Amino acid sequence: MKYAVYTKWRWSGGVPDPSHLQSMMKGYRDSYEGEFPPEEVLWWKIDDDHHQALIVYPSEEIATAERKKLEEARNKSTKDNNNVMVEEFVGPIVMQLTAL
């Protein structure tokens, strides 16, 4: 069963422009040796100071194995970018309409 991690973030200096965010995430993705674990990573801006994100993993086991690296990346981002996670929800995906 696929597994999702949803987060909401506040940026004290405002959400960066998309090219900066893409550069950040490309660096994160490229830091992996081998296959990048998530099936999908989506970010969207909700206002000038907040963005939300959704990471979709193929399974809870892969999400759990990835958790330590994800936490390290979040800590680095918080220090480097002066942002803070506002909320997080994790759990199994119970339905995916595009997969029906």
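Because the structure is a prediction, the values reported are computed rather than measured.

What follows is about the environment of Asp 48. In this fold, Asp 48 is placed in the loop between strand 2 (40-47) and strand 3 (50-57). On a C-alpha basis, the gap between Asp 48 and Ala 73 in space is 22 Å, while along the polypeptide they are 25 residues apart.

So, on to the sheet that holds strand 1 (residues 3-11). On the basis of which strands lie adjacent, the open sheet formed by four strands has the order 2-3-1-4 and antiparallel pairing. Each edge of the open sheet carries a strand with a single partner, namely strand 2 and strand 4 (83-92). Strand-to-strand twist of the sheet, defined as the mean angle between neighbouring strand axes without regard to direction, takes the value 15°. Bridging between strand 2 and strand 3 involves seven bridges; their strand directions are antiparallel.

Looking now at the packing of aromatic side chains. Each aromatic ring pair is described using two quantities: the centre-to-centre distance and the angle formed by the ring planes. Counted under the stated rule, the structure contains one aromatic pair. Ring centres of Tyr 6 and Phe 89 lie 5.8 Å apart, and the angle between their planes is 25°; on these two criteria the pair is classed as stacked. Taken together, the positions of Tyr 6 in strand 1 and Phe 89 in strand 4 put the pair 83 residues apart, joining distant regions of the chain.

A surface patch of nonpolar side chains, amounting to about 520 Å² of accessible area, comprises Val 94, Met 95, Leu 97 and Leu 100. The topology assignment puts Met 95 in the segment after strand 4.

Scoring rules and cut-offs
- Residues numbered from 1 in each chain as written.
- Predicted model: local features only at pLDDT ≥ 70, side-chain atom pairs only at ≥ 80, totals over all residues.
- Heavy atoms only, no water.
- Helix = DSSP H or I, 4+ residues; strand = E, 2+ residues; numbered from the N terminus.
- Pairing = 2+ DSSP bridges.
- Axes fitted to C-alpha atoms, helices over the stretch in contact; angles between N-to-C directions.
- Phe/Tyr/Trp six-rings, centres within 6.5 Å; stacked < 30°, edge-to-face > 60°.
- Patch = residues over 30% accessible without salt bridge, like charges linked within 9 Å, V, L, I, M, F, W, Y side chains within 5 Å.
- Areas by Shrake-Rupley, 256 points an atom, 1.4 Å probe, with all protein chains shown as cover.
- Salt bridge = Lys/Arg side-chain N within 4 Å of Asp/Glu carboxyl O.

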